[in-house]
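Tertiary structure, described
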Amino acid sequence: MATTAEAPFRLEGRRVWVAGHRGMVGSALVRRLASEGCTVLTAGRAQVDLRRQAEVEAWMEAERPDAVIVAAAKVGGILANSTRPAEFIYDNLAIETNIVHAAQQAGVAKLLFLGSSCIYPRMASQPITEDALLTGPLEPTNEWYAIAKIAGIKLCQAYRRQYGCDFISLMPTNLYGPGDNFDLTSSHVLPALLAKIDRARREGLGTVELWGSGRPRREFLHVDDLADASVFLLQNYSGDVPLNVGTGTDVTIRVLAELIAEVVGFEGEFVYDTSKPDGTPRKLLDVGRLSALGWTARIGLREGIESTHAWYRANVLQETPAGS
Ligand code: GFB
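The structure reproduced in this document is the subject of the present report. None of the values given here were measured: they were computed from a predicted structure. (Residues numbered from 1 in each chain as written. Predicted model: local features only at pLDDT ≥ 70, side-chain atom pairs only at ≥ 80, totals over all residues. Heavy atoms only, no water.)

Another point: helix H6 (residues 189–203). The terminal C-alpha atoms of H6 lie 21 Å apart, and with 15 residues this matches the ideal 21 Å at 1.5 Å per residue to within 8%. The inward-facing, buried residues of H6 contact strand S6 (174–176), strand S7 (207–211), strand S9 (220–222), helix H8 (253–264), strand S12 (269–273) and helix H10 (301–316). Just beyond H6, the residue with positive phi is glycine 204, at close to 65 degrees. (Helix = DSSP H or I, 4+ residues; strand = E, 2+ residues; numbered from the N terminus. Expected span 1.5 Å × (residues − 1). Contact = heavy atoms within 4.5 Å.)

Strand order across the open sheet formed by 6 strands is S2-S1-S3-S4-S5-S10, with parallel pairing between neighbours. Each of the sheet's edge strands pairs with one partner strand only, and the pair in question is strand S2 (39–41) and strand S10 (243–245). Neighbour to neighbour, the strand axes of the sheet diverge by 25 degrees on average, direction disregarded. Alignment of strand S4 (residues 110–114) against strand S5 (residues 167–172), held across 4 bridges, turns out to be parallel. Across the sheet, residue leucine 111 finds its bridge partner in S5, namely phenylalanine 167. Against the sheet, helix H1 (residues 24–33) makes contact with strand S1 (15–19), S2, strand S3 (67–70) and S4, and its axis sits at roughly 160 degrees relative to S1, the strand it touches most. Each of S1, S3, S4 and S5 touches helix H4 (residues 85–105); the most contacted strand, S4, lies at about 170 degrees to it. (Pairing = 2+ DSSP bridges. Axes fitted to C-alpha atoms, helices over the stretch in contact; angles between N-to-C directions.)

Along the chain, the position of arginine 202 falls in helix H6. Exposure remark for arginine 202: the relative accessible area of 38% places this residue in the partly exposed category. C-alpha of arginine 202 to C-alpha of valine 68: the two residues are 134 residues apart in sequence and 43 Å apart in space. Setting aside chain neighbours within four positions, we find arginine 202 in contact with Tyr312, Leu317 and Glu319. Among the polar contacts listed, one links the side chain of arginine 202 to the side chain of aspartate 198, at a separation of 2.7 Å. (Buried < 20%, exposed > 50% of the residue type's maximum accessible area, 1.4 Å probe, protein only. Polar contact = N/O pair within 3.5 Å; in protein donor to acceptor, adjacent residues only side chain to side chain.)

Let us now look at the packing of aromatic side chains. Using the criterion set out here, one finds 6 aromatic pairs in the structure. Arranged with centres 4.5 Å apart and planes meeting at 45 degrees, the rings of tryptophan 17 and tryptophan 59 form a pair that is tilted. Here the residue tryptophan 17 occupies a position in strand S1, and tryptophan 59 occupies one in helix H2 (residues 53–63), the gap between them amounting to 42 residues. Taking the relative accessible area as the measure of exposure, tryptophan 17 reaches 1% and is therefore buried. Under the relative-accessibility criterion, tryptophan 59 is labelled buried at 8%. With a centroid separation of 5.4 Å and 55 degrees between ring planes, the pair formed by tyrosine 159 and tyrosine 163 is classed as tilted. With tyrosine 159 and tyrosine 163 both in helix H5 (residues 143–163), this residue pair falls 4 residues apart, about one helical turn. Among the aromatic residues, those joined into a cluster by ring pairs are Phe182, Trp311 and Tyr312. (Phe/Tyr/Trp six-rings, centres within 6.5 Å; stacked < 30°, edge-to-face > 60°.)

Okay, structure coming up:
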């Protein structure tokens, strides 16, 4: 089938729209694209509500980007996903449908859609390869979000098949880093534990409560690594298979908590609230396809937690570094 793909896709001198530039992923992409010689386009929510088709189409028609990265999404941790299902399915379906369709109409040369590792079946064999998509039931705590993200992959594949659009999809594993959400009711586990454990250290508390059993395993990718992989694949990938992006290793929630405690300097105990959900037991991505293309993650988990902790203290707690 015919596609408009050029390989490698040049970014220099191009207009690249990062949809969702204020989020953790979007802001990492804006930082990473700064060295590519392209013009980065952004639109705040007051300018374009991405859930409104007419607003998205008018903006795309006026700005005419050459490339689009769909980093805008309604995201959250296990509790937010399971308690706000309508927002997670509606907002995400609307955002991706509006952007993908408007991109085709405006003749965008390349589009990169960001999905999530929760699109795969709950009991997929590990590590999870890309062909596990739609082979079994989803994890119930985040099926609304997962269904929307699966629809995003299918949109890219359908527009490629019918119109020859060079629209690609990446499936990142659990992300963390500067700009993350540290609110305990809506955040993912890594920022939640950083905030809880740092508070326990500051207040001299003896225990920190973790949700669930501590036994689920998760893979964590620093958002700057994701931004680097995204730019690499924008330039070098034009297939219709959604590509996994991860580190290739995972840890239990208990081990994650112990590592964060070491970084933060907390010496107390962890207690487990088993009334809270564990979610999927494991979702380690197989990153073989990505490695074969020539990209691997660089930021180790301890190093990433250290820099994210420093960012949290400076930007969320607004502490002044010692000696300044
Ligand atoms: O990151 P997280 O909220 O979501 O939780 P998922 C991961 C694991 O950490 C679960 C445990 O087993 C939680 O029970 N956990 C322990 C905690 N303590 C805490 C805590 O204080 N806060 C949180 N949030 N978790 C998300 C999906 O699944 O993964 C999204 O809901 C998305 O849709 C994202 O796909 C990448 O890893 O289970």
